[in-house]
Amino acid sequence: MDKLFEIVFLDETFEFLSSLEKKHYEKILFNIRKAQTRHDPELFKKLKDEIWEFKALHQGLQYRLLAFWDKTDSENTLVVSTHGIVKKTSKTPDSEIQKAKQVRSRYFEDKEIIKKKRK
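Right, let's walk through the structure included here. (Residues numbered from 1 in each chain as written. Predicted model: local features only at pLDDT ≥ 70, side-chain atom pairs only at ≥ 80, totals over all residues. Heavy atoms only, no water.)

1. Here we look at the overall build of the chain
Across its full length, the chain holds three helices and five strands. In the chain, the succession of α and β elements from N to C terminus is β-α-α-β-β-β-β-α. Over its C-alpha trace the chain gives a radius of gyration of 15 Å, about what one expects of a compact globule, namely 14 Å for 119 residues. Referenced to the eigenvectors of the C-alpha coordinate spread, the extents of the chain come out at roughly 50 × 35 × 25 Å. Of the roughly 7800 Å² that the chain leaves accessible, carbon and sulfur atoms contribute 50%. (Helix = DSSP H or I, 4+ residues; strand = E, 2+ residues; numbered from the N terminus. Rg over C-alpha atoms; globule rule 2.2 N^0.38 Å. Areas by Shrake-Rupley, 256 points an atom, 1.4 Å probe, with all protein chains shown as cover.)

So, in structure tokens, the structure goes:
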């Protein structure tokens with residue numbers, strides 16, 4: 001089945017995943033692979049502005065990986081995961097959304113700088 005997007009994990013996401021028990025991060029990655037092949041808001045949904053979240057529930061813990069879309073490449077649509085959290089309430093904290101927005105801004109600024117250097 002065709003993927004709707006490719007996923008890129010930034011360093012903080014790797015650190016978050018590596019801090020989890022194996023079965024927990026495997027569940028998160030399993031859900032991400034499912035989200036790559038179908039539109040399912042139970043797995044991947046928009047939060048606010050340009051920030052989205054991958055969702056996974058394992059052994060009563062609600063895991064979230066915050067992310068944003070990068071559609072600047074006409075051939076590859078990317079979803080970039082900024083960081084992960086264990087959600088303790090029903091709402092994703094605004095501070096985590098703001099953090100993801102800041103990472104998104106830096107990501108596109110850096111990408112623009114690299115693009116200009118190549119010219």
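2. Some details on the pattern of salt bridges
Two side chains bearing opposite charge may form a pair once their charged atoms approach each other closely. In the structure shown here, the tally under the stated rule is eight salt bridges. Lys99 is the salt-bridge partner of Glu12, the closest N and O atoms lying 2.4 Å from each other. Of this pair, Glu12 sits in helix 1 (residues 11–18) while Lys99 sits in helix 3 (residues 94–118), and the two are 87 residues apart along the sequence. Ionic pairing is found between Lys111 and Asp70, a salt bridge with its closest N-O pair at 2.5 Å. Taken together, the positions of Lys111 in helix 3 and Asp70 in strand 4 (residues 61–70) put the pair 41 residues apart, joining distant regions of the chain. Look at Lys111 and you get partly exposed, because its relative accessible area is 31%. Shared partners join several salt bridges into a network, and the residues in it are Lys48, Lys91 and Asp94. (Salt bridge = Lys/Arg side-chain N within 4 Å of Asp/Glu carboxyl O. Buried < 20%, exposed > 50% of the residue type's maximum accessible area, 1.4 Å probe, protein only.)

3. What about the environment of Tyr107?
Examined against the element boundaries, Tyr107 turns out to sit in helix 3. Sequence separation of Tyr107 and Asp11 is 96 residues, and the distance between their C-alpha atoms is 12 Å. When near neighbours in sequence (up to four residues on either side) are disregarded, Tyr107 contacts Phe68, Asp70, Leu78 and Val80. One polar contact links Tyr107 to Asp70, side chain to side chain, over a distance of 2.5 Å. (Contact = heavy atoms within 4.5 Å. Polar contact = N/O pair within 3.5 Å; in protein donor to acceptor, adjacent residues only side chain to side chain.)

4. As for the side chain of Glu53
Here Glu53 shows up in strand 3 (residues 51–58). A relative accessible area of 1% means that Glu53 is categorised as buried. A polar contact of 3.0 Å, which involves the side chain of Glu53, links it to the side chain of Thr92.

5. Overview of the nonpolar core
For soluble globular proteins, the rule of thumb is that nonpolar side chains tend to be buried together. With 16 residues, the main nonpolar core has Phe16, Leu17, Ile28, Phe54 and Leu65 as its most contacted residues. At the level of elements, helix 1, helix 2 (22–35), strand 3 and strand 4 are the ones that each hand at least two residues to this core. What Phe54 contacts, discounting residues up to four positions off in sequence, is Phe5, Ile7, Ile32, Ala35, Leu43, Phe44, Tyr63, Arg64, Leu65, Ala67 and Val79. Ranked by size, the runner-up nonpolar core spans nine residues in total, among them Leu78, Ile85, Ile97 and Ala100. (Core = buried A, V, L, I, M, F, W, Y, C linked by side-chain atoms within 4.5 Å.)

Remember, this is a structural readout, not a statement about activity or role.
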